[in-house]
Amino acid sequence: MTPILQLDSVDKAFGGLKVTSHVSFSVMPGEISAIIGPNGAGKTTLFNQITGHLLSDAGAIYFKGENIVGRPPQQIVARGVGRAFQIASIFPDETVLDNVRVACLSKLGQTRKFWRSVLDYRQATDDAHGILASLGLDAQAHRKAFELAHGDQKLLDIGIALALKPTLLLLDEPTAGMSPEERHQMRVLIKKLWKEFELTLVFIEHDMDMVFGIAQVVRVLQQGALLAEGTPEQIRANKQVITAYLGEDF
Amino acid sequence: MTSNTTRNLRAASLWGVIVLAFALVPVLSTSSYHTNLACHILIWSLFAVSFNMLWGVTGMLSLGQALYYGLGAYSVGLMVNYLGSQWYLPAMGVGLLAAALLALLLGMLVIRVGGVYFTMLTLAFGQLAWQITFKWYDFTGGDDGIQGIIPPGILENGTAYYYFVLTVVILSIWVLKRMAFSPFGLVLRCVQQNPDRVRFLGRRVRRNQLRIYVISAFFTALAGGLMAGVDGSIHTDMLFWTTSGEVILMTVLGGINQFFGPFVGAAVIILIEDLVGARTEYWSLIIGIIIMVIVLVFPKGLVGEAARVRSLMARAGLGRRA
Ligand SMILES: Nc1ncnc2c1ncn2[C@@H]1O[C@H](COP(=O)(O)OP(=O)(O)OP(=O)(O)O)[C@@H](O)[C@H]1O
Ligand SMILES: [Mg+2]
């Protein structure tokens with residue numbers, strides 16, 4: 001099987017600060033995997049490079065066989081990369097429904113339509129309701145997004161990403177800032193979404209229950225370099241990873 | 001979907017009342033004075049509503065909309081002056097085309113910079129256009145402006161011209177309203193709230209900003225073209241930055257987050273100017289104070305506050321359900 005995403009010796013520096021260096025790995029279609037590492041290891045930066053928010057200094061990033069380095073985000077998203085952000089990136093003054101509906105409209109190529117009301121776009125509206133139902137946000141569909149609880153805003157961000165029907169979904173710390181109870185729900189939900197939407201899913205997490213609970217592959221980033229890659233069992237037993245990140249009593 | 005239908009009906013009936021009220025002005029009033037006043041309100045409303053598509057909806061604060069307003073007016077004024085009255089309507093068309101083209105060119109330049117630089121650049125271009133009009137006396141009449149701009153045929157009649165303005169303004173605002181609530185309008189609001197996310201919906205932020213900048217300029221020039229025939233004279237003041245400032249004031253006063261806010265704001269400011277201006281020579285001071293008080297008391301604008309009160313009442317179970 002050929003990888004859906006392949007990083008080949010990717011670099012990024014800000015001024016003199018090397019944030020990612022020589023990162024190489026391959027993600028298989030349908031895989032669910034985690035990226036872990038200390039704060040400032042370059043995890044978010046790596047996502048930014050994949051999605052075209054940042055231009056890589058060197059290396060190649062192949063998505064579905066095509067090198068996407070140098071392409072702007074809107075072209076990368078059009079090829080099937082979806083993303084939710086470390087800090088929920090939503091449209092605060094729009095309703096929850098419109099947040100997802102605008103993404104559905106975009107997917108359907110209907111964002112230039114200027115005559116009929118958004119309410120008249122049945123397909124986009126139905127799709128949006130479907131996604132909100134999968135996320136358990138349908139009861140709040142008509143609230144303004146800024147009124148949502150923190151955890152629900154994170155969910156909505158994922159909903160916007162899902163509306164674009166991505167093949168590869170990148171989630172940046174989906175449980176950040178959540179209570180243990182919410183984390184548990186999020187863990188269950190993400191596994192469900194992964195199956196329901198037949199995604200290839202890569203998530204960044206500090207929550208080890210989530211990482212070792214649902215990831216098939218775990219990659220460890222430290223000071224911008226890939227320290228280790230393997231199954232949860234391999235990573236758990238890896239001496240280097242234990243000293244660098246997990247700690248002895250893990 | 002019944003709630004949608006009632007909402008649509010209610011919106012349509014509000015529309016009906018507004019249009020009817022304006023349509024009755026020449027019938028109910030014997031003096032052309034009131035018709036003239038209503039005409040000013042209509043035209044400034046169109047100006048303000050199209051400005052708000054740019055600012056309130058998309059978040060682009062232009063301080064140079066007077067450029068397009070003046071362009072619309074001077075296209076008509078100059079062509080009628082040099083070529084004759086029969087060129088009045090074609091001149092309006094020329095003004096619209098010129099405004100759209102200029103907005104496309106300038107837009108590609110000023111949208112690139114964004115934020116406060118966008119505001120400053122629009123101001124600079126607006127003032128440049130004013131300077132040129134002001135200085136180029138031989139062609140534009142400079143500070144004297146242009147007088148005797150007579151609309152053609154039946155439109156020469158004040159009442160007929162009023163109904164012409166009413167029709168064009170209502171149609172234009174209707175088009176803009178449809179746009180505001182369409183997918184395109186939704187994208188524009190999203191561009192204001194979170195441009196990065198819009199890019200990650202696969203949409204181009206600047207492209208959408210450019211579209212609305214051109215559309216806004218188009219309808220602003222339409223307002224300017226209509227204004228040329230109201231009093232039969234135009235002046236370089238139409239291009240001065242204070243004109244851009246006044247339209248901002250109207251928009252703030254009515255409420256930038258409400259589609260009809262700028263409409264109400266324009267009406268209120270013109271009525272205040274009319275009432276106060278007729279009674280005292282300190283009118284600009286008094287208008288300033290009145291507007292300041294309104295803005296302080298109603299921070300969301302007149303229409304914005306009204307909507308808030310209505311939704312509060314609905315929540316308390318007092319009024320009709322929102
Ligand atoms: N645009 C930028 N300009 C300059 N430095 C940056 C920029 N973005 C990130 N950095 C720096 O790069 C390093 C890695 O940041 P990054 O956000 O990728 O870390 P992370 O692994 O996601 O950390 P966390 O777990 O805290 O989210 C940090 O030292 C950060 O300060
Ligand atoms: Mg991060």
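Conventions adopted
- Residues numbered from 1 in each chain as written.
- Chains lettered and ligands numbered in written order.
- Predicted model: local features only at pLDDT ≥ 70, side-chain atom pairs only at ≥ 80, totals over all residues.
- Heavy atoms only, no water.
- Helix = DSSP H or I, 4+ residues; strand = E, 2+ residues; numbered from the N terminus.
- Contact = heavy atoms within 4.5 Å.
- Polar contact = N/O pair within 3.5 Å; in protein donor to acceptor, adjacent residues only side chain to side chain.
- Donors = N, O, S within 2.8 Å, 3.2 Å for Na, K, Ca; no water.
- Buried < 20%, exposed > 50% of the residue type's maximum accessible area, 1.4 Å probe, protein only.
- Pairing = 2+ DSSP bridges.
- Salt bridge = Lys/Arg side-chain N within 4 Å of Asp/Glu carboxyl O.
- Near = heavy atom within 4 Å.
- Areas by Shrake-Rupley, 256 points an atom, 1.4 Å probe, with all protein chains shown as cover.
- Nonpolar A, V, L, I, M, F, W, Y, C, P; charged D, E, K, R; others polar.
- Axes fitted to C-alpha atoms, helices over the stretch in contact; angles between N-to-C directions.

Peer 1: Describe the environment of Glu205(A), listing the residues and the values that go with them.
Peer 2: Residue and element names in this part refer to chain A. Looking at the element boundaries, Glu205 is found in the loop between strand S8 (200-204) and helix H7 (208-214). Between the C-alpha atoms of Glu205 and Gly247, which are 42 residues apart in sequence, the distance is 16 Å. Residue contacts for Glu205: discarding those within four places in its chain leaves Ile35, Ile36, Glu173, Pro174, Thr175, Ala176, Met210, Val211 and Tyr245. Side-chain polar atoms of Glu205 contact the backbone nitrogen of Asp207, separated by 2.9 Å.

Peer 1: Got a sec to walk through the coordination of the magnesium ion (ligand 2)? Specific residues and values, please.
Peer 2: Residues and elements named next belong to chain A. Coordination of the magnesium ion (ligand 2) by the protein involves Thr44 (OG1) and Gln86 (OE1), with metal-donor separations of 1.9 to 2.2 Å. Highlighted residues: Thr44 in helix H1 (residues 43-50) and Gln86 in the loop between strand S6 (81-84) and helix H3 (96-107), separated in sequence by 42 residues. Classification of Thr44 by relative accessible area gives partly exposed; the value is 25%.

Peer 1: If you had to explain the pairing of S6(A) to someone new, which residues and values would you point to?
Peer 2: Residue and element names in this part refer to chain A. The two faces of S6 match: Val81 and Arg83 on one face and Gly82 and Ala84 on the other face are all buried. As defined by bridge partners, S6 adjoins strand S7 (residues 168-172) across 4 bridges and the pair is classed as parallel. Paired with Ala84 across the strands is Leu171, a residue of S7.

Peer 1: Just give me the short version of the pattern of salt bridges, but keep the residues and values in it.
Peer 2: Residue and element names in this part refer to chain A. Applying the stated criterion across every chain yields a total of 15 salt bridges over all chains. In this structure, the salt-bridge partner of Arg79 is Glu66, at a minimum N-O distance of 2.7 Å. In this pair, Arg79 sits in the loop between helix H2 (73-78) and S6 while Glu66 sits in strand S5 (residues 66-67), placing the two residues 13 residues apart along the sequence. One salt bridge connects Arg143 with Glu147, and the closest N-O pair in it is separated by 3.6 Å. Take Arg143: its relative accessible area is 35%, and that puts it in the partly exposed class. Its relative accessible area of 36% is what places Glu147 among the partly exposed residues.

Peer 1: Lay out the site of ligand 1 with the relevant residues and their values.
Peer 2: All names here are of chain A. Surrounding ligand 1, one finds Phe14, Val19, Asn39, Gly40, Ala41, Gly42, Lys43, Thr44, Thr45, Gln86, Glu173 and His206. The side chain of His206 places a nitrogen or oxygen atom 3.0 Å from an oxygen atom of ligand 1. Protein contacts shield 61% of the accessible area of ligand 1, which totals 640 Å² for the unbound molecule. For the shell around ligand 1, the leading source of residues is H1, giving 3 residues. Per-class residue counts for the shell around ligand 1 are 3 nonpolar, 7 polar and 2 charged.

Peer 1: Please provide a residue-by-residue account of the pairing of strand S3 (residues 32-36) of chain A, values included.
Peer 2: For a regular strand, side-chain orientation follows a simple rule: the groups alternate between the two sheet faces. All names here are of chain A. Summarising burial for S3: 5 of the 5 residues are buried, a large majority. On S3, burial covers both faces: Ile32, Ala34 and Ile36 on one face and Ser33 and Ile35 on the other are all buried. Note that S3 and S8 share 4 bridges and pair parallel. Bridge assignment links Ile35 to a residue of S8, and that residue is Ile204. As judged from the 4 bridges shared by S3 and strand S9 (residues 217-222), these two strands associate in the parallel manner. Residue pairing across strands places Ser33 opposite Val217, the latter belonging to S9.

Peer 1: Lay out the sheet that holds strand S10 (residues 225-230) of chain A with the relevant residues and their values.
Peer 2: Residues and elements named next belong to chain A. Spatial strand order, S6-S7-S8-S3-S9-S10: 6 strands in an open sheet with mixed pairing. Looking along the sheet, the strands with just one partner apiece sit at the ends: S6 and S10. Adjacent strand axes in the sheet meet at a mean angle of 20 degrees when their direction is disregarded. Strand direction decides the pairing type here: S7 and S8, joined by 5 bridges, are parallel. By the bridge assignment, Leu169 is partnered in S8 with Leu201. Lying over the sheet, H1 contacts S3, S6, S7, S8 and S9, oriented at roughly 150 degrees with respect to S7.

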